[in-house]
Each structure stands twice: as C-alpha cells, then as structure tokens.
Amino acid sequence: MAYWAHALAASSFVMTPLQWLQVVQYELMLFAGFWFVIGMADELAIDVAWIWLLLRGRVRSAWLKEDVSSRPLTGVAAVFIPAWREAGVIGATISHALGAWGHAELRLYIGCYRNDPDTIAAAMKAAASDRRVRLVIHDRNGPTTKADCLNRLYGALTEDELRSGQRARFVVLHDAEDMVHPAALVVMDAALDGAGFVQLPVRPETMPQSPWVSGHYADEFTESHAKAMVVRDAIGAALPAAGVGCAISREILHELAEARKAELERSEGPSRNRRAGPFAPECLTEDYELGWRIARSGRRGRFLRLRDQDGQLIATRSYFPDTLGEAVRQKTRWVHGIAFQSWDRLGWWGRTADLWMALRDRRGPLVALVLFTAYLLVVIGTALGAAEGARLITPLASPPEVRMLMTLCLAGLAWRLLLRFVFTAREYGISEGLRAVLRIPVANVIAIIAGRRALLAYLRSLNGTAVTWEKTEHRGHPALASLAAREARA
C-alpha cells in the first residue's frame, strides 16, 4: 500500500497507463518473489538433506564387484510392456531385453492391440521362437490408456499362472522404447526381499539432433534420481514409481487387484469387476499412483542406485521427446495425472515426510504460474526501462521488501544453476553440464505450456469430458544407436 500511495502522490492522483504498469510490476514482483523464495526453501531442504547424507557416506552409488547379470533369479520375473503404435521401437526393445536377460525365469508380456497390425508384426519378428515371450492381443481397439493395457497383461499373467501352477515372484514395468541393463533383474530380485517395490533410476539418453528439448529431460531426471529420490528413500517417504525399471511384488499386485475389484463391486456391481486389475484405467499416471498405494498398504518402497563392475549406472535408458510439441504433450499428461488426478484420487495421507513429498509432487501448476509471472515481469521491465529511457515516466525506487526478495531470488537462482551443472556434468560430462544451464529456459517454457494445458484438461474433465491419453511418439532406440556405434568402431 505504501508503494501504491507513493505512485499516486507522484502523479498528483492522475495515473497514466505507464504508471499503472509500474504498480502492476510491483505487485507481480511481490507475488513471484514470495513463491520463488518458498520454492527455494523447499529445494534447499532437499539439498541440505542430500549433503548430510553425502557427509555420512550414504549417497555414493554402490559398485558391484563382479558381473551378476547371469545369476539365476529366485522366481519368475514377469515384465509388462504395453505397446500401441510402437512398430519402430518394440522390436529393438524385445531383442535387447532377451539378449541382456538370459534367465530362464524371464517372461516378457507384450501388450498389443488388435487394430495395430504393424506393432504385432514387429513384436512377433523380434520374439522369433523364444518361448519366454508372451504376445498378448488386447480385445479392445487402441488406443486405451497404458493402465488399461497393463491390466490386460495382468490378466494374461494370471491365466498363465493358473495353467502352469507356478506363480511369478515379481512384475517389472517397462515401456516399449526402453533399453534395460543386464544386471537389472538380478538386483531388483534381491532388493525385493525387504521391500514391496523397487525403483531403478531412469537415464534419458541425449539426442544430437535435439540437444535442447530432449536434453532437458537428462538434466531433470539426473538431478531428481541422484538427489531427490535418494533423499525420499533415506527418510522413508512414499516413493512414486516411474513406470519403467520398477519391480513390484506379485503378492502386492494381487492385493491391489482385489482392492480394485471390491471398489468396482461397490460402485458398479459384480458384473463389472471381471476385468479389474491392479491399475486404474482412468488414471493418466498409473505408475505414480501405484507407488503411493503400495506405501499406503504399509509396504516399503526402495530406490536402488547402483553401478555395475564397469562403473555404468544400472538404470533404464531411453530417448525422450525431441520436439517442443511432443514434450509439452507428455508433460501435460504428467501434470494432469500427478497434480490434479492424484489430489482427487489419493487425497492427503501419511506422515509429515509423505505430506511434504505430496506437496512437492503436486506443485507443477503453481510452478508454471510463477514462471509465467517471472517471464511476464521481464517483458514489463523491458517496456518500463524503455519508457524511463525516453523520459516518459519517472523511475521509482524499489521498496526494501522487493530488494530483499530479489536478492534472495538471485542467490537461489545461482545455487540452482550450480547444482544443475554439477549433477548433469557428473553423469553426462562437462559439456552437457554447461548446456544444462542454458537449457533451463527451454524447460521453463515447456513447464508453463504444459501447466496451462493440464489445468484446462482437468477443468474439462470436471464437466464430464473423458480424459484423453496423449501418446508419446518414439522414433529411435538407444539399443540401435549403441549397436551402430559398435559397428562403426569395428
């Protein structure tokens, strides 16, 4: 109010549009500055926890002393891979998985749709005569949601178990474009002895033809899966499943399926529960919800960060969207599912650490709004600076509270830039670390557009519009790129 009064007094109570713009600038600076400081405090708490873990020696990734990839599993591992219009990558995924995982206990369940013959043909060609592959044709036309396809695969697994009399030990979720690590099954099998589900890191592969859009995924996942998820695991907070590279106990999946069946019986009657599975078909981020529901069941989730005997991170590798439009569509689905649907479907539950992480997970729309405000302030500041240079208006001194907020924001920004460089450079090299700093505006623009689209989609769903699944297109596979690189060197 003091600033407002000063502006009025300076103009003798007759304010020009430019002076009104100065007042708007002040109010927006307070809004953006306040929420930036709150966000920085949240991130700083994670940073401090990570540094404390680092000093106690609990951050460094453990190295395997020898190659464990050929060790037998303690039970059947069922790998679910839903595929809709993935003819370009599903063959590479199947071939690489069968070669990397030579275990007799492996079962690959590939979910295809009856109206997608190209993907069916590519999957059949890659599977060849390997008896470990189960090609499951969905009896509905695609596309449905990923969760719906996963439920169809769960039904196929249940039928196989009834026929063979042997129940799987655990289920692993993967996408049609994933490149798996040879040791992944063995380490997840061992880790499940003390956990309900296990999540391995995701390592996006950089794409030379799209260093800015696809590259920003590498920056975000590297910092998240080397810091934030490590802290969540250490404090025992609920862990979200990433939907790839995560193993779930077969017993827990059965319990989740029974719980969903009971819910459908109560709401829709017993005739509608025949297709019930552990995944919610109406949910856009069934993997995220799965992790939280497992935590609610009292089972512990584990985030497993290991390196093999050669120092390579045991992680799921894949290419992420390489165009702005596709990245926005993918992140719209994530924001809609995590920020809006999970609020409705999961509510607020758990200990203080769980509530803290839920707030962090669901902050996407607010972050988008604050970022938009910050970029709007850049435009307003530029316009006002030009007007002041032309002596159209008199510059106003910044109030103390604004100066304090701006100082905190600049300090926080410098700290964030440093950490983004450090984490990306550690995994991808110094050049990518430097590029990660320059990619931050790209990530911000994607977040702003995705936040707006997710909010509009959520509002439409409140009016009864069906939630739409927006598929991510995949045009490359890291296994094929790795093979081409080896052949070139040879």
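Everything numeric here is computed off the predicted structure, so don't read it as measured data.

What counts and how
- Residues numbered from 1 in each chain as written.
- Predicted model: local features only at pLDDT ≥ 70, side-chain atom pairs only at ≥ 80, totals over all residues.
- Heavy atoms only, no water.
- Salt bridge = Lys/Arg side-chain N within 4 Å of Asp/Glu carboxyl O.
- Helix = DSSP H or I, 4+ residues; strand = E, 2+ residues; numbered from the N terminus.
- Buried < 20%, exposed > 50% of the residue type's maximum accessible area, 1.4 Å probe, protein only.
- Pairing = 2+ DSSP bridges.
- Right-handed = clockwise from strand over helix to strand, strands pointing away.
- Phe/Tyr/Trp six-rings, centres within 6.5 Å; stacked < 30°, edge-to-face > 60°.
- Lys NZ or Arg CZ within 6 Å of the ring centre and 35° of its normal.
- pLDDT = per-residue confidence, 0-100.
- Axes fitted to C-alpha atoms, helices over the stretch in contact; angles between N-to-C directions.
- Contact = heavy atoms within 4.5 Å.
- Nonpolar A, V, L, I, M, F, W, Y, C, P; charged D, E, K, R; others polar.

With respect to the pattern of salt bridges
Working definition: two side chains of opposite charge can pair if their charged atoms are close together.
Right, on to step 1. Tallying each qualifying case throughout the model produces 41 salt bridges.
Right, on to step 2. Asp 42 is the partner of Arg 360 in a salt bridge, and the nearest nitrogen-oxygen pair spans 2.8 Å. Separated by 318 residues along the polypeptide, Arg 360 in helix α11 (residues 352–361) and Asp 42 in helix α2 (residues 17–55) bring together distant segments of the chain. Judged on exposure class, the residue Arg 360 and its partner Asp 42 are both buried.
Right, on to step 3. One salt bridge connects Glu 205 with Arg 203, and the closest N-O pair in it is separated by 2.6 Å.
Right, on to step 4. Glu 205 sits in the buried class, given a relative accessible area of 18%.
Right, on to step 5. Several salt bridges converge on common partners, so that one network encompasses Arg 203, Glu 205, Arg 305, Arg 307, Arg 317 and Glu 427.

A few points about the pairing of strand β8 (residues 246–249)
Right, on to step 1. In β8, alternate side chains face the same way, and those of Cys 246 and Ile 248 on one face and Ala 247 and Ser 249 on the other are all buried.
Right, on to step 2. Looking at chain direction, strand β5 (residues 170–173) and β8 are connected through four bridges and run antiparallel. Within β8, the position partnered with Val 172 by the bridge is Ala 247.
Right, on to step 3. For strand β6 (residues 197–199) and β8, the ladder comprises three bridges, and the chain directions are antiparallel.

Regarding the pairing of strand β3 (residues 106–113)
Right, on to step 1. Of all eight residues in β3, eight are buried, a share of seventy percent or more.
Right, on to step 2. Along β3, one buried face is formed by Leu 106, Leu 108, Ile 110 and Cys 112 and the opposite face, lined by Arg 107, Tyr 109, Gly 111 and Tyr 113, is buried too.
Right, on to step 3. Bridge count between strand β2 (residues 77–82) and β3: six bridges; the pairing is parallel. Counted as the bridge partner of Ala 78 is Arg 107 from β3.
Right, on to step 4. The parallel pair β2 and β3, bridged by helix α3 (residues 90–100), forms a crossover whose chirality is right-handed.
Right, on to step 5. The pairing of β3 with strand β4 (residues 133–138) spans six bridges and is classified as parallel.

Let's talk about the packing of aromatic side chains
Right, on to step 1. Summed over all chains, the structure comprises twelve aromatic pairs.
Right, on to step 2. With a centroid separation of 5.8 Å and 80° between ring planes, the pair formed by Phe 80 and Tyr 109 is classed as edge-to-face. Taken together, the residues span a long stretch of sequence, with Phe 80 in strand β2 and Tyr 109 in strand β3 at a distance of 29 residues. For the pair shown, Phe 80 and Tyr 109 are each scored as buried.
Right, on to step 3. Seen in terms of ring centroids, Trp 84 and Tyr 113 are 5.5 Å apart; in terms of plane orientation they differ by 85°. Their pairing is edge-to-face. Taken together, the residues Trp 84 in the loop between β2 and α3 and Tyr 113 in strand β3 connect sequence positions 29 residues apart. Each of the two residues, Trp 84 as well as Tyr 113, counts as buried.
Right, on to step 4. Cluster of aromatic residues (ring-pair linked, three or more members): Tyr 217, Phe 221, Phe 320 and Trp 334.
Right, on to step 5. Here the basic side chain of Lys 331 rests over the ring of Tyr 217, its NZ or CZ set 5.3 Å away from the ring centre.

Section: the confidence of the model for the chain
Right, on to step 1. In this model, the chain carries an average pLDDT of 91, and 94% of its residues clear a pLDDT of 70 or more.
Right, on to step 2. Confidence scores differ between elements of the chain, with helix α1 (residues 2–10) showing the lowest mean pLDDT of 52 and β5 the highest of 98.

A word on the packing of helix α7 (residues 213–235) against helix α10 (residues 324–346)
Right, on to step 1. Relative orientation of the contacting elements α7 and α10 amounts to 35°, with a least axis distance of 9 Å. Facing α7, whose interface residues are Val 213, His 216, Tyr 217, Glu 220 and Phe 221, α10 presents Leu 324, Ala 327, Gln 330, Lys 331 and Trp 334.
Right, on to step 2. The class makeup of the residues in the contact of α7 with α10 is six nonpolar, two polar and two charged.

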